Amino acid sequence: MVPEVTRDQETELFDMEVRLLLEAVYLRYHYDFRDYAVSSLRRRMRHAMARFDCARPSDLQHRLLHEPDLFAQALQYFTVQVSEMFRDPGYFLALREHVVPVLRTYPSIKLWVAGCSTGEEVWSLAILLAEEELLERALIYATDINPEALQAAESGTFALDRVAQFSRNYLAAGGRASLSDYYTSAYQGVVFDRRLKKQVVFADHSLATDSVFSEVHMVSCRNVLIYFNRDLQDRAVGLFRDALVHRGFLGLGSKESLQFGTHAREFEQFVPAQRLYRKVAA
Amino acid sequence: MTAVTDLRRDFDAIVIGASAGGLRALQELLSVLPADFAVPVLVVLHLPRDRPSRVPELLGQYCALPVREALDKQPLEPGAVVFAPPDYHLLVEDETSLALSVDEPVLFSRPAIDPLFASAAAVFSRRLLAILLSGASADGSEGVAAVRHAGGIAWIQRPEDAAAPVMPASALAHAGADAVLSLQDICNRLAVPS
Ligand SMILES: C[S@@+](CC[C@H](N)C(=O)[O-])C[C@H]1O[C@@H](n2cnc3c(N)ncnc32)[C@H](O)[C@@H]1O
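Residues numbered from 1 in each chain as written. Chains lettered and ligands numbered in written order. Predicted model: local features only at pLDDT ≥ 70, side-chain atom pairs only at ≥ 80, totals over all residues. Heavy atoms only, no water.

## Digging into the site of the ligand
Residue and element names in this part refer to chain A.
Right, so step 1: Residues in contact with the ligand amount to 21 residues; listed here are only the nearest, Y36, Q81, S83, E121 and D144.
Right, so step 2: The contact in question runs from an oxygen atom of the ligand to an N or O atom on the side chain of Q81, over 2.7 Å.
Right, so step 3: The contact in question runs from a nitrogen atom of the ligand to an N or O atom on the backbone of L207, over 2.9 Å.
Right, so step 4: In a pocket analysis with a 2 Å cut-off to the grid points, the ligand is assigned to the largest cavity.
Right, so step 5: Classifying every residue of the shell around the ligand gives 9 nonpolar, 9 polar and 3 charged. (Near = heavy atom within 4 Å. Polar contact = N/O pair within 3.5 Å; in protein donor to acceptor, adjacent residues only side chain to side chain. 1 Å grid on protein atoms, 1.4 Å probe; cavity = no way out; pocket = protein on both sides within 12 Å on 5 of 7 lines; lining within 4 Å. Sits in = over half its atoms within 2 Å of the grid points. Nonpolar A, V, L, I, M, F, W, Y, C, P; charged D, E, K, R; others polar.)

## Focus: the sheet that holds strand β5 (residues 189-192) of chain A
Right, so step 1: The 3 strands are arranged β3-β5-β4 (chain A) in an open sheet whose pairing can be described as antiparallel. The sheet terminates laterally at β3 (157-158) and β4 (183-186) of chain A, the two strands that pair on one side only. (Pairing = 2+ DSSP bridges. Helix = DSSP H or I, 4+ residues; strand = E, 2+ residues; numbered from the N terminus.)

## Some details on the sheet that holds strand β10 (residues 276-279) of chain A
Residues and elements named next belong to chain A.
Right, so step 1: Read from one edge of the open sheet, 7 strands run β6-β2-β1-β7-β8-β10-β9, paired in mixed fashion. The open sheet has two edge strands with one neighbour each: β6 (200-204) and β9 (267-271). Neighbouring strand axes in the sheet, compared pairwise and without regard to direction, differ in orientation by 25° on average.
Right, so step 2: Inspection of the sheet shows strand β1 (residues 109-114) paired to strand β2 (residues 138-144) by 6 bridges, in the parallel sense. Its bridge partner lying in β2, L111 is registered against I140.
Right, so step 3: Contacts between helix α7 (residues 147-155) and the sheet are confined to β2 and β6, with β6 contributing the most and set at about 170° to the helix. (Axes fitted to C-alpha atoms, helices over the stretch in contact; angles between N-to-C directions. Contact = heavy atoms within 4.5 Å.)

## Let's talk about the domain arrangement of chain A
Residue and element names in this part refer to chain A.
Right, so step 1: Partitioning chain A into domains gives domain 1 (7-77) and domain 2 (89-279).
Right, so step 2: Domain 1 and domain 2 are separated by 29 Å when their C-alpha centres are compared.
Right, so step 3: Taken residue by residue, the interface counts 12 residues in domain 1 and 11 residues in domain 2.
Right, so step 4: Of all residues in domain 1, the largest losses of buried area upon contact with domain 2 belong to D35, Y36 and Q76, amounting jointly to 47% of the total for that side. (Domains from an automatic or database assignment. Buried area = accessible area lost by both parts, 1.4 Å probe.)

Put into structure tokens, the structure is as follows:
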């Protein structure tokens, strides 16, 4: 039974205005945030309001409707660009130990990093595949809705002060060499070896509005679904199911689970501790 | 005493924030909750970001209720204690479920207390009890303000009673409280059997 709740009228009004703002953004720019998790969206809308000097969400809506340039900046508030190379090393170690041996049996391999942000996960995966001598026959689709993030991802450039953490993660993830073998230092930070992205396609794709574009052997979608409500999570996981080959793999973030969604039974746990799933036979 | 004995009737959720010195305080607090405590309890304890936490497992030994770490979109369970995982903010999504986020750390912390308290206040308003314990950070101050602004109740550990007084003192100065209590008094109020 749902407990009876008297909601503060102020919050109700705020939420109402946010809903209208999201509707406006959808109609005007075709970015669909209407089914994002409200708890974190509320917070980010407050930050955007502060940044753009708006007292109310409806003021922000007004500006967004009439100032397209502002929308490009505001997009950084609608989406969250937080990532790290080999984030949760245990996940990448499990890929290496349990998924790679299966991928090896295919003549060619396609992987989809959905919500790749600024590319840390993609470059990590490319390095892992290179070390397993699978990169040459792999194709990685790296998709996101944030064009600035995609651009950064493609450049393979990361700030110097982040590299020590990346290196620690790389080693904990079973790295075979030294992370520094893969990058050179440049003025802006470190730049990863361009050869690693020969097999990567960076593309604009929304899990909220777009459909499946290819068959893939593995989907890695980490810390993206947490920003969706359950309906949108179900939509996204449905896309993954449709994109995956027979017995394909799905990897989620360390605190994400399929168990609360409608597609739970279409996947089985593969490495439960690392949130690696496998599509069950139809 | 009526306001106290009716905890379970008055509140749909309890949120707790703790930082430095908070582990011991939480151990005491969770150990007094009776097995039939039918309110969901959500906890943010500041944690190192880069390793798994053994806190829920550890504190589970002292608590009559199940103690777990949150998963994204997990249903809110009456009578379970749920901790924010390391490196994620814990949020109340709606009356029936939780959410996680990797949004920027707040005052250098992820998980942080402010996002939990503010999100819970937005959902439960008057029917929320927030408890702020020991800590050396200013996290929690905004959260307590949000809870009280929405009509919820905030209990703050008396700074002199806390192992680290900064966090409760900062919240008191910033947002005030509905009660300033020793840990013992907080436990006494929570322990009342139904
Ligand atoms: C927190 S980052 C996760 C980055 C990376 N996967 C990781 O785990 O380190 C979330 C990413 O999801 C992207 N995103 C948000 N909504 C999306 C959607 N509808 N479709 C695809 N990507 C989306 C954001 O732009 C952001 O880059």
